Amino acid sequence: HDLAWQSAQLLCRRWRLEWTTPESMVGCMVTVPLPERLGAGDAANAQRLRDALFERHAIEVPVIARGGALWARVSLQVYNDAADVERFADAVVARSTALSKLRVTWAQQNWRCAATYFRILGKRSLPRMPAKVAPRTARNTSEPRDAVML
């Protein structure tokens, strides 16, 4: 119970989300909201996120789409510890960062297409690329770890 309660608070604090469930309602399992920046709260996106967590980070955790949001059901058993929860928190942050970079890359590619289209049409004034679109950075790869079930 204590690890589940502490884990829910830690995860929500790391992801800057509000945690309002009373401690009396928490057993060895807890369902926590996932950051909105992970994408749409639909079943297909939930499955993609669950697969990515398992394939890229060796973390097995149910991801549920409910009420237009994504949720993770974290089940803490005798073989789990706080380090497992930290790994999960880090994996979600890494995934949301990777998705943000992907969106930036997509914006850059679309901007190049628009600029080419303007040149083909002979337009003299091309719109400037927005300052918020950052250049693409190298992907961080890490060593595979032992699988963790949460």
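What counts, and at which threshold
- Residues numbered from 1 in each chain as written.
- Predicted model: local features only at pLDDT ≥ 70, side-chain atom pairs only at ≥ 80, totals over all residues.
- Heavy atoms only, no water.
- Pairing = 2+ DSSP bridges.
- Helix = DSSP H or I, 4+ residues; strand = E, 2+ residues; numbered from the N terminus.
- Axes fitted to C-alpha atoms, helices over the stretch in contact; angles between N-to-C directions.
- Contact = heavy atoms within 4.5 Å.
- Buried < 20%, exposed > 50% of the residue type's maximum accessible area, 1.4 Å probe, protein only.
- pLDDT = per-residue confidence, 0-100.
- Core = buried A, V, L, I, M, F, W, Y, C linked by side-chain atoms within 4.5 Å.
- Salt bridge = Lys/Arg side-chain N within 4 Å of Asp/Glu carboxyl O.
- Expected span 1.5 Å × (residues − 1).
- Arc of directions from axis to C-beta.

Chemist: Even after reading the chapter, I still don't get the sheet that holds strand β3 (residues 63–66), so can you show me in this structure?
Modeler: The strands that make up a sheet pair up through hydrogen bonds in the backbone, lying either parallel or antiparallel. Judged by pairing direction, the sheet is antiparallel, and its three strands sit side by side in the order β1-β4-β3 without closing on themselves. Strands with a single pairing partner mark the edges of an open sheet, and in this sheet they are β1 (29–33) and β3. Here the strands of the sheet are splayed against their neighbours by 30° on average, with no regard to which way each runs. As paired strands, β1 and strand β4 (residues 69–75) are joined by five bridges and run antiparallel to one another. When the sheet's bridge partners are listed, M29 is paired in β4 with S75. Sheet strands touched by helix α1 (residues 2–14): β1 and β4. Its angle to β1, the strand with the most contacts, is close to 10°. Lying over the sheet, helix α2 (residues 43–57) contacts β3 and β4, oriented at roughly 165° with respect to β3.

Chemist: Teacher, can you tell me more about unusual backbone geometry here?
Modeler: When glycine is set aside, most residues are seen to have a negative phi, and most peptide bonds are trans. Located in the positive-phi region is R16, a residue other than glycine, with phi close to 55°. Inspection of the secondary structure assignment puts R16 in the loop between α1 and β1. Judged by its relative accessible area of 76%, R16 falls in the exposed class. Despite not being glycine, A58 shows a phi value in the positive range, around 55°. Examined against the element boundaries, A58 turns out to sit in the loop between α2 and β2 (59–60). Exposure remark for A58: the relative accessible area of 13% places this residue in the buried category.

Chemist: Where do I start with the confidence of the model for the protein chain in this structure?
Modeler: Low pLDDT means the predicted coordinates in that region are not meant to be read closely. Averaged over every residue, the pLDDT of the protein chain is 78; residues scoring 70 or more account for 65%. Per-residue pLDDT stays below 50 along residues 133–144; that stretch engages in 11 contacts with residues further than four places along the chain or on separate chains.

Chemist: Would you mind going over the nonpolar core with me for this structure?
Modeler: Soluble globular proteins tend to pack their nonpolar side chains together in the buried interior. L11, V32, L34, V74 and F88 are the most contacted members of the largest nonpolar core, which has 28 residues in total. At the level of secondary structure, the elements contributing two or more residues to this core comprise α1, β1, α2, β4 and α3 (82–121). Take this core: its biggest share by element is six residues, from α1.

Chemist: When you look at the side chain of N45 in this model, what are you seeing that I'm missing?
Modeler: Within the fold, N45 resides in helix α2. The contact partners of N45, leaving out residues within four places of it in the chain, are L38, G39, A40 and L70.

Chemist: Any chance you could explain the pattern of salt bridges here in plain terms?
Modeler: Close approach of charged atoms allows side chains of opposite charge to pair. Within the structure shown, the criterion is met by three salt bridges. Taking the shortest distance from any N to any O, the salt bridge between R14 and E86 comes out at 2.9 Å. You can see R14 sitting in helix α1 and its partner E86 sitting in helix α3, a full 72 residues away along the chain. Relative accessible area serves as the criterion here: at 31%, R14 is assigned to the partly exposed category. Note on E86: relative accessible area 29%, which makes it partly exposed.

Chemist: What is the right way to read α1 from this model?
Modeler: Note: α-helices contain 3.6 residues per turn, so residues at a spacing of three or four share the same orientation. Between the first and last C-alpha of α1 there are 18 Å, a value that for 13 residues agrees with the 18 Å anticipated at 1.5 Å per step. Of all the positions in α1, only A4, W5, S7, A8, L10, L11 and C12 are classed as buried. One or two residues past the end of α1 sits R16, with phi positive at roughly 55°.

Chemist: So what exactly am I meant to see when it comes to α2 here?
Modeler: With 15 residues, α2 extends 21 Å from end C-alpha to end C-alpha; this agrees with the ideal 21 Å at 1.5 Å per step. Listed as buried for α2 are N45, A46, L49, A52 and L53. In an axial view of α2, the angular spread of the buried residues amounts to 125°, which keeps them on one side of the axis. When the buried face of α2 is taken as reference, the exposed residues oriented beyond 90 degrees from it are A43 and E55. One or two positions beyond α2, positive phi appears at A58, with a value near 55°.

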